Amino acid sequence: MDEVMTVADAGRALYGSSSPPSHNLFPHNLPIFSAFLALALAQFLKVFTNWYKEKRWDTKLMMSSGGMPSSHSATVTALSLAIALEEGAGSPAFAIALVLACIVMYDASGVRLHAGRQAELLNQIVCEFPPEHPLSTVKPLRELLGHTPIQVVAGAILGCVVAYLMRSTS
């Protein structure tokens, strides 16, 4: 009897034993969905943590960097953990994501934090200039750029929780 090749057989021949790549980005891509959800939640939570600290609502924080929790840390941690849960901690993709996460979190609590502190000092200096000074009318520098280590850790915890919950619901 003649053999008939099915679509599934052709797919296995092309892609080996694994399934063909999905063209639908979000439903089957846990790492991307986890990363974006962690980013959105962290940005949303900044409004509430700022209200708790300063007793005022500032919805502009949803679109800014800095603050509690670190959305950068939440994003890269959710991405890394989701990749580890999907592909295993020994996968090259996880190694890349982990290194990226370490660099992003180090930068957020190091370089960007200190750049923000320098901006704060420069703004204070400019405020003390007499009105006739050419720099007295310069627009103030943004001060909220980086994160304290606590903000970075809080973002990382949020990212882990999001990735884990996303994995357990899929």
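Residues numbered from 1 in each chain as written. Predicted model: local features only at pLDDT ≥ 70, side-chain atom pairs only at ≥ 80, totals over all residues. Heavy atoms only, no water.

When you go through the protein residue by residue, the secondary structure sums to six helices and zero strands. Going from the N terminus to the C terminus, the protein shows its helices and strands as α-α-α-α-α-α. With 170 residues in all, the protein has 31% of them scored as buried. In the protein, once contacts between residues fewer than 6 apart in sequence are set aside, the share between residues at least 24 apart is 68%. As presented, the protein carries roughly 11,500 Å² of accessible surface, and 69% of it is formed by carbon and sulfur atoms. (Helix = DSSP H or I, 4+ residues; strand = E, 2+ residues; numbered from the N terminus. Buried < 20%, exposed > 50% of the residue type's maximum accessible area, 1.4 Å probe, protein only. Contact = heavy atoms within 4.5 Å. Areas by Shrake-Rupley, 256 points an atom, 1.4 Å probe, with all protein chains shown as cover.)

Attention now moves to the UniProt feature "transmembrane region" (unreviewed entry) in the protein. Under the UniProt annotation, "transmembrane region" (unreviewed entry) lies at residues 30-49 and 144-166. Here residues 30-49 is 100% helix and 0% strand, with 27 Å between the C-alpha atoms at its ends. (UniProt positions renumbered as here; feature names shortened; annotations may be inferred.)

Let us now look at the side chain of T77. Locating T77 in the fold gives a position in helix 3 (residues 71-87). What T77 contacts, discounting residues up to four positions off in sequence, is M105, A156, G159 and C160.

A few words on the environment of S168. Take S168: it is sitting in helix 6 (residues 149-169). Note on S168: relative accessible area 47%, which makes it partly exposed. Within the structure, the side chain of S168 is placed 3.0 Å from the backbone oxygen of L165, a separation counted as a polar contact. (Polar contact = N/O pair within 3.5 Å; in protein donor to acceptor, adjacent residues only side chain to side chain.)

Of all residues in the protein, 74% attain a pLDDT of 70 or more, and the chain-wide mean is 80. Across the protein, the element-wise mean pLDDT spans from 53 in helix 1 (residues 7-15) up to 95 in helix 3. (pLDDT = per-residue confidence, 0-100.)

Another aspect to go through is the environment of A84. Position of A84 relative to the elements: it lies in helix 3. Residues A84 and P31 lie 53 residues apart in sequence; the distance between their C-alpha atoms is 9.1 Å. Not counting residues up to four positions away in its chain, the partners in contact with A84 are A89 and F94.

Another point: the pattern of salt bridges. Think of it this way: side chains of opposite charge can pair up when their charged atoms draw near. According to the stated counting rule, one finds one salt bridge in the structure shown. In this structure, E86 and R167 form a salt bridge, with 2.8 Å as the shortest nitrogen-oxygen distance. Linking E86 in helix 3 with R167 in helix 6, this pair joins segments that are 81 residues apart in sequence. (Salt bridge = Lys/Arg side-chain N within 4 Å of Asp/Glu carboxyl O.)

On to helix 2 (residues 30-54), then. In this model helix 2 runs 36 Å from its N-terminal to its C-terminal C-alpha over 25 residues, within 8% of the 36 Å that 1.5 Å per residue would give. Largest kink in helix 2: about 25 degrees, centred on K46. Listed as buried for helix 2 are L30, P31, S34, A35, A38, A42, Q43, K46, V47 and N50. Buried positions along helix 2 lie against helix 3 and helix 6. Looking one or two places after helix 2, you find K55, whose phi comes out positive at around 60 degrees. (Expected span 1.5 Å × (residues − 1). Bend = angle between axes of the 7 residues up to and from the residue.)

Our focus in this paragraph is the packing of helix 2 against helix 3. At a minimum axis separation of 8 Å, helix 2 and helix 3 run at an interaxial angle of 155 degrees. For the element pair helix 2 / helix 3, the angle class is roughly antiparallel. Relative to helix 3, helix 2 is oriented so that their crossing is right-handed. Here helix 2 contributes L30, P31, S34, A35, A38, L39, A42, Q43 and K46 to the contact with helix 3, which in turn contributes S71, A74, T75, A78, L79, A82, I83 and E86. Of the residues in the contact of helix 2 with helix 3, the class split is 11 nonpolar, four polar and two charged. (Axes fitted to C-alpha atoms, helices over the stretch in contact; angles between N-to-C directions. Parallel < 35°, antiparallel > 145°, perpendicular 65-115°, else oblique. Left-handed = near helix turned anticlockwise from the far one by under 90°. Nonpolar A, V, L, I, M, F, W, Y, C, P; charged D, E, K, R; others polar.)

The subject of this paragraph is the nonpolar core. Within soluble globular proteins, side chains that are nonpolar generally end up buried alongside one another. Residues L30, A38, A42, A74, A78, A82, L158, V162, A163 and M166 constitute the largest nonpolar core, which totals 10 residues. Put simply, the parts of the chain that give this core at least two residues each are helix 2, helix 3 and helix 6. Of all the elements, helix 6 adds the most residues to this core, at four residues. Residues V76, M105, A108 and A156 belong to the second largest nonpolar core, which totals seven residues. (Core = buried A, V, L, I, M, F, W, Y, C linked by side-chain atoms within 4.5 Å.)

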